[in-house]
Amino acid sequence: QVQLVESGGGLVQPGGSLRLSCAASGFSFSIYRMSWYRQAPGKERELVAGIETAGGSTNYADSVKGRFTISRDNAKNTVYLQMNSLKPEDTAVYYCNGRWRAVNYWGQGTQVTVSS
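Residues numbered from 1 in each chain as written. Predicted model: local features only at pLDDT ≥ 70, side-chain atom pairs only at ≥ 80, totals over all residues. Heavy atoms only, no water.

A. Representation of the pairing of strand β1 (residues 3-7) in the model. Burial of the side chains of β1 is restricted to one face: Leu4 and Glu6 are buried, whereas none of Gln3, Val5 and Ser7 on the reverse face is. Summarising the sheet, β1 and strand β3 (residues 18-25) pair through 5 bridges and their orientation is antiparallel. Residue pairing in the sheet places Glu6 in a bridge with Cys22 of β3. (Buried < 20%, exposed > 50% of the residue type's maximum accessible area, 1.4 Å probe, protein only. Helix = DSSP H or I, 4+ residues; strand = E, 2+ residues; numbered from the N terminus. Pairing = 2+ DSSP bridges.)

What follows is the structure, encoded as structure tokens:
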């Protein structure tokens, strides 16, 4: 049974930090490209950051470059998103995604709210 379980979301003040985790099971994690997406109310889901299988190549949305860092631990089947200098516009549900060829897996999402 494939599972992607996100954790680490919550309420944080502007300028604060959060670390999201996504624990994967039921598939060969190490061969999957892993990504974080987010969806704010009334908006389309957007790619936040992605990381290739061995962790050597990453990409980020322009809006989060320099503030967010994606990483993965293939031994723990886990992908992380370190979010620093959070802004109110970062408020969204954050989703973990695993992709290999035409196969796509999604987590259930974790809410991140940035507000004073």
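There is more to say, and it comes next.
B. How the structure looks around unusual backbone geometry. The phi angle at Asn77 is positive, at roughly 50 degrees, despite the residue not being glycine. Locating Asn77 in the fold gives a position in the loop between β7 (68-73) and β8 (78-83). For Arg101, which is not glycine, the phi torsion reads 55 degrees and is therefore positive. Along the chain, Arg101 turns up in the loop between β9 (92-100) and β10 (103-106). The exposed category is assigned to Arg101, whose relative accessible area is 70%.

C. Examining the side chain of Arg38 more closely. Within the secondary structure, Arg38 sits in strand β4 (residues 33-39). At 3.4 Å, the side chain of Arg38 forms a polar contact with the side chain of Ser63. Of the polar contacts made by the side chain of Arg38, one reaches the side chain of Tyr94; its length is 2.9 Å. Setting aside its immediate chain neighbours within four residues, Arg38 contacts Glu44, Arg45, Glu46, Val48, Ser63, Val64, Phe68, Glu89, Asp90, Ala92, Val93 and Tyr94. (Polar contact = N/O pair within 3.5 Å; in protein donor to acceptor, adjacent residues only side chain to side chain. Contact = heavy atoms within 4.5 Å.)

D. Representation of the side chain of Glu6 within the structure. Here Glu6 shows up in strand β1. One buried charged residue, Glu6, remains without a salt bridge, the closest side chain of opposite sign being Arg45 at 7.6 Å. Of note is the side chain of Glu6, whose polar atom sits 3.1 Å from the backbone nitrogen of Gln108. In this structure the side chain of Glu6 is engaged in a polar contact, spanning 2.9 Å, whose partner is the backbone nitrogen of Gly109. With residues up to four places along the chain from it excluded, the contact list for Glu6 reads Ser21, Cys22, Trp36, Tyr94, Tyr95, Cys96, Gly107, Gln108, Gly109 and Thr110. (Lys, Arg positive; Asp, Glu negative; His and termini not counted. Salt bridge = Lys/Arg side-chain N within 4 Å of Asp/Glu carboxyl O.)

E. Quick peek at the state of the cysteines. Inspection of every chain in the model, using the stated rule, returns 1 disulfide. Disulfide pairing is shown between Cys22 and Cys96; the S-S distance is 2.1 Å. Negative torsions about the S-S bond denote left-handed disulfides, and the value of about -80 degrees found for Cys22 with Cys96 makes this one left-handed. In this pair, Cys22 is assigned in strand β3 and Cys96 in strand β9, connecting sequence segments 74 residues apart. Summarising the burial analysis for this pair, Cys22 and Cys96 share the class buried. (Disulfide = S-S within 2.5 Å.)

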